[in-house]
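If you want the building blocks of each chain, they are given just below.
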Amino acid sequence: MPDCLGRRATATAALGSQRSRAKVFQDCGATGDAQPDAVPSVQGTLPHFIQEPEDAYIVKSNPIKLRCRAVPALQIFFKCNGEWVHQNEHFSHEYKDLNTGLKVREVMINVSRQQVEDFHGPEDYWCLCVAWSHLGTSKSRKATVRIAYLRKNFEQDPQGKEVPINGMIVLHCRPPEGVPAAEVEWLKNEELVSSLTDDNIDTRADHNLIINEARLSDSGNYTCLASNVVAKRRSATATVIVFVNGGWSLWTEWSACNAPCGRGVQKRSRTCTNPAPLNGGAFCEGMSVQKITCNAPCPIDGGWNEWSQWTVCSSQCERQRTRECNSPVPRHRGKMCEGNSEATENCTDGLCTQNRKLLHDVKPQSMESSNDVALYSGLGAGIITIAILVVAVMLYRKNHSEYGVDVIDSSALTGGFQSFNFKNTRQGNPLLLNSSMQPDLTVGRTYSTPLCFQDSTDKELFDPLPDIKVKVQSSFMVSLGVAERAEFHAKAPAETFPRDLSRDYCSTMDRRKKGLLTLNGPFSSCKEPLRTTGVFGHHGGRLVVPNTGVSLLVPHGSVAENMSWEMYMVINQGEASVQTLDSCEILLGPEVTYGPPGLDVFCPVAMTIAHCAEVDAENWNIQLKRRTQDSKWEEVMSVEEESTSCYCLMDSTSCHLLLDQPGSYALVGEPLTQAAIKRLKLAVFGTMEVGSMSYTLRVYCVDDTPHAFQGVVAAEKTRGGQLLEEPKMLPFRANTFSLQVSIQDVPQFLWSIKPFTTCQEFSFPQVWCSNQQPLHCAFSLERYSPATAQLSCKISVRQVKGHEQILQVYTAVAETEKESVPFFMQTDCTITSQTGPKAFKIPLSIRQRICATFDTANAKGKDWQLLAQKLHLDRNLGYFAKQRSPSAVILSLWEARHQDTSDLDSLASALEEIGKIHSKSSPKDQDECESDSIHIQASSLYGTGRLTSQNTEDCASEYTG
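Calculation rules
Each chain carries its own residue numbering, running from 1 in the written order of its sequence. Local features are withheld for residues below a pLDDT of 70 in this predicted model, meaning they are given only at 70 or higher, and side-chain atom pairs are given and counted only at 80 or more; totals for whole chains, interfaces and linings count all residues. Note that the side-chain values use all heavy atoms of the structure and ignore hydrogens as well as water. Within 6.5 Å between ring centres, the rings of Phe, Tyr and Trp (the latter by its six-membered ring) count as paired, and their orientation is classed by plane angle as stacked under 30 degrees, edge-to-face over 60, tilted in between. Secondary structure is summarised from DSSP: a helix means a run of H or I of at least four residues, a strand means a run of E of at least two, and numbering begins at the N terminus for each. When accessible area is computed with a 1.4 Å probe and restricted to protein chains, residues below 20% of their type maximum are described as buried, those above 50% as exposed, and intermediate ones as partly exposed. For this text, the term disulfide refers to a pair of cysteine sulfurs within 2.5 Å. Pairing between strands requires that DSSP locate at least two bridges from one strand to the other. Each axis is a line fitted through C-alpha atoms, taken for helices only over the stretch in contact, and angles between the N-to-C directions span 0 to 180 degrees. Whenever a carboxyl oxygen of Asp or Glu lies within 4 Å of a side-chain nitrogen of Lys or Arg, that contact is scored as a salt bridge. Here is the rule for angles: anything less than 35 degrees is roughly parallel, anything more than 145 is roughly antiparallel, 65 through 115 is roughly perpendicular, and the remaining ranges are oblique. If you view the pair so one helix is near and one far, a crossing is left-handed when the near helix is turned anticlockwise from the far one by less than a right angle, and right-handed when it is turned clockwise. Here a residue-residue contact requires only that any non-hydrogen atoms of the pair lie within 4.5 Å. Gly is put with the polar residues, along with every residue not named as nonpolar or charged; the nonpolar set is Ala, Val, Leu, Ile, Met, Phe, Trp, Tyr, Cys and Pro, and the charged set is Asp, Glu, Lys and Arg. Residue types Ala, Val, Leu, Ile, Met, Phe, Trp, Tyr and Cys, when buried and joined through side-chain atoms within 4.5 Å, form a set referred to as a nonpolar core.

Caption draft 1: Here's a closer look at the packing of aromatic side chains. Scanning the model with the defined rule gives 14 aromatic pairs in all. A centroid spacing of 6.1 Å and a plane angle of 75° characterise the contact between F77 and W132, whose relative ring orientation is edge-to-face. Linking F77 in strand β4 (residues 75-80) with W132 in strand β8 (residues 125-132), this pair joins segments that are 55 residues apart in sequence. Accessibility assignment for this pair places F77 and W132 in one class, buried. The interplanar angle of 85° and the centroid separation of 5.5 Å between the aromatic rings of F685 and Y700 together place this pair among those described as edge-to-face. Of this pair, F685 sits in strand β45 (residues 677-688) while Y700 sits in strand β46 (residues 694-703), placing them 15 residues apart in sequence. Here F685 matches Y700 in class, with each residue buried. Among the aromatic side chains, those forming a connected cluster through ring pairs are W620, F732, F764 and W768.

Caption draft 2: Geometry of the state of the cysteines. Summed over the entire model, instances satisfying the criterion amount to eight disulfides. Each sulfur in the disulfide pair C68 and C129 lies 1.6 Å from the other. The S-S bond linking C68 to C129 shows a torsion near 90°; that makes this disulfide right-handed. Separated by 61 residues along the polypeptide, C68 in strand β3 (residues 64-71) and C129 in strand β8 bring together distant segments of the chain. On the accessibility criterion, C68 (0% relative accessible area) is buried. Residue C129 is classed as buried on the basis of its relative accessible area, which comes to 0%. At a sulfur-sulfur separation of 2.0 Å, the disulfide partner of C173 is C224. Classification of the bridge connecting C173 and C224 rests on its S-S torsion, roughly -80°, and on that basis the disulfide is left-handed. Here C173, found in the loop between β13 (169-171) and β14 (178-179), pairs with C224, found in strand β19 (residues 220-227); they are 51 residues apart in sequence, far enough to count as distant. Per residue, the accessibility class of C173 equals that of C224, and both read buried. Cysteine C603 remains unbridged, with the sulfur of C851 as its closest cysteine sulfur at 9.8 Å.

Caption draft 3: Seen up close, the sheet that holds strand β7 (residues 103-111). Strand order in the open sheet formed by four strands is β1-β3-β7-β6, and the pairing between neighbours is antiparallel. Two strands close off the open sheet at either side, each with one partner strand: β1 (48-51) and β6 (91-96). Each neighbouring strand pair of the sheet contributes to a mean axis angle of 30°, computed without reference to strand direction.

Caption draft 4: Quick peek at the pattern of salt bridges. As enumerated under the stated definition, the model contains 23 salt bridges in all. The salt bridge partner of E895 is R542, with a shortest N-O separation of 3.6 Å. Here E895, found in helix α13 (residues 886-897), pairs with R542, found in strand β34 (residues 541-545); they are 353 residues apart in sequence, far enough to count as distant. The residues E895 and R542 share a single accessibility class, namely buried.

Caption draft 5: Just the packing of helix α10 (residues 844-854) against α13, in detail. Direction vectors running N to C along α10 and α13 enclose 135°, while the axes themselves pass 8 Å from each other. Classified by the angle their axes make, α10 and α13 are oblique. When you trace α10 past α13, the crossing you get is right-handed. Residue-level contacts link R847, I850, C851 and F854 of α10 to S887, A888, L891 and S892 of α13. Classifying every residue of the contact of α10 with α13 gives five nonpolar, two polar and one charged.

Caption draft 6: Representation of the sheet that holds strand β43 (residues 654-659) in the model. A sheet is described by the order of its strands in space; here six strands give the open sequence β42-β43-β39-β35-β34-β55, paired in antiparallel fashion. Strands with a single pairing partner mark the edges of an open sheet, and in this sheet they are β42 (647-650) and β55 (833-835). Neighbour-to-neighbour, the strand axes of the sheet open up by a mean angle of 10°, direction not taken into account. One ladder, built from three bridges, connects β34 with β55; its direction is antiparallel. What sits directly across from G541, in β55, is T835. Across the sheet, α13 is in contact with β34, β35 (550-554), β39 (605-610), β42 and β43; its angle to β43 comes to roughly 150°.

Caption draft 7: Main features of unusual backbone geometry. Between V71 and the following residue, P72, the backbone shows a cis peptide bond with an omega angle of -15°. Looking at the element boundaries, P72 is found in the loop between β3 and β4. Cis rather than trans, the peptide bond between V179 and P180 has omega equal to -5°. For P180, the location among the structural elements is in the loop between β14 and β15 (183-188). Despite not being glycine, N189 shows a phi value in the positive range, around 50°. Take N189: it is sitting in the loop between β15 and β16 (191-193). Residues other than glycine seldom take positive phi values, yet H207 does so here, at roughly 70°. Counting through the fold element by element, H207 comes out in the loop between β17 (201-203) and β18 (209-211). Take H207: its relative accessible area is 26%, and that puts it in the partly exposed class.

Caption draft 8: A look at the nonpolar core. Counting 70 residues, the largest nonpolar core has L697, F779 and I795 as the members making the most contacts within it. Dropping the residues within four chain positions of it, L697 is found in contact with V684, F685, G686, L724, I743, C777, A778, F779, L781, L791, C793 and I795.

This is the structure we're talking about:
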């Protein structure tokens, strides 16, 4: 057999015809020389292929391998494109199958890219195997070899869509041409989309993605991914937006008649929340508020009818008569009759008879004996009473000489602070505090009153506080864990503040606020209202009350051309300027008036008022109120409701209002739960009394608004006070628990503090109903030596069962320091008005282009609603819809909201994002022009921010005050 195979190889090399090659192989097969060991069981069978060559693809320049396995086989050769492959290109070996015991022959060849490219035939490059055995030959299947590739460009990219909810989404994709054909997958936000896990999604053989019913969660960026053995290709991203058109909710019940008597108005409202418009969906059409007239019955006070006849004289020598309150009967909340319904008088002119005799003529023996006993008993009681009084006076004088306390009204010297003068104790109980000692009459009036109180320039400081109870506790008592505290009580009748907010809170607040709940500002030496004015024309401008958080933006075009108005803004600070209608309401910011009254504007002005509430709709009911011509207050709107007459935007620290009627406005809040929080600003000031060893710390608790803190600043400047620590914020909850102020960590070896004054307390109504008026208390310390020049301690301010804040005090107290350390840095310009284009952050030309772009209605929702959405002003859209230019009003509100920042990047980013949505979803030429316009506006704003910043820093030169 080896000689035969040698001849076969020679013949194969020399002969080119298939017939010659076959003859040689047959000759070799017929000879019996050197036959290999053959298995008798398979000598009579044709070759059987265990492995046939498979179709293959040449990737880049890498050759592929084709394999064949057959049994029984004496030889195996490849034939490609009808031609035998040379023996030298074959790689063969033989092995024994361990399972069957048969000899298996395997042959492999390599096919290069060059071979495939050089072949030019009617069909693809192909190869097959031919195997020989004793009985003949067998052929394998044809295996094709192709060069793999994948084009770069998709034949069809998916297109972005805007689909209503529950609508069908169809995204088409035709992958690039390639060999082998590319397989298509879909990505949503870079995550694989599978129809196996979501029955709502169908990925068909034509590579399209079908979503049968669109859901909000189906919004996203979709990408078609095509891949084969060569490469992967990504299509352009298609943005799918599933929008929701707004739907009206059910009407609310009709409200009560707003007039207490006579003709009034009832209203009901509905909101565009069923569902709310989302992702550019259309806003509800129609009115959100309906009003009807109503007639409320007027109160009828009761009146007395005529007295009845006198009754017969009784055995007690009295007669009665009655009358009833039924002329008329009180109705509709009318007052009851005043006076008594019964009258009694003696019917014998004092000569009452007993047993038909005059009383002074009847003198029984028992009466005479009883008169003697009464006489002697009275004399004895009088003597005992006189003795007790003498002993009490002696003890009083003795105690007063040993340990006394004078509570002195020093408001004339310290602006309302109460200081305590304690004499040194020589003997007796050191914890005893006797508040009934004789006062020092050389100083002023004496009060047995609380340590902390509400400031007022009125000399009768405690009249508005019907229930003041301040608990004082010494540090020694705290260290011993003594729970009992000495208490000071005012003479006013006591009240309790129950923990049930829903039932008793409002009634308690009503009684408490009869002297407190007034819309006014912080105390000052004069109650002059803060006022600022400016003249504004067609170009508009801005009006600012410095350092109060109150400003007014007059937009461009709000005043008619060739006209001008002298506008003003006033922060009202008078005593008892307003009483709110609801006893549960408190003032959250200053009362602000803008005018003049006859002001007529074409578009609303934007007013900003700082507030002190932690805004949470679940815990607060916040309302905007306006004063009527008869000095009564009416509700304008609730900040959580939608209104077409006014717009209110609540930020964390400020309220931005869009108003078209001048007048007085105030922001009031009603706590709905005990979790409602009002922010307090805490500050500690100190002064050193000239020529004295005493140092006074004054701790202020004031509503956290710039206007309220300005009052504290003004008062401390007059006293020469020093701010000893940066003011801090304390969340004060509506849980009806009091506020405690205590001093801690005082160096006992350097400083002494008067007993029982280390802890002081404000009742809950004092703090909650402060209404922009500061509360404060004082700690008086005395140093042992004039050499002590430093004071370090801590002031703890905490609400019982609430939050706590620590003020760290570390200051120099040398007497030589006469000038107070600056403690207040103005955050606003001291100038009050600015007119013309430089008053606005957005240049007028860009503003006009933005309005022209977005005020035009667009069928695809790319109008002012999208602008409001991107600027996070997408609530109460019905108000904007009623305006002549919704985009201009939205930009005015954005200006008011960002007046403290000079950066226009947020507006530019919103416009750029809108431009991208335009360019992706609107490929037409007209929409492309609109998209380019939006991009130009955005790019213009990026460069304007720095210019506006420079103008703001140089505001003193641009403003006129």
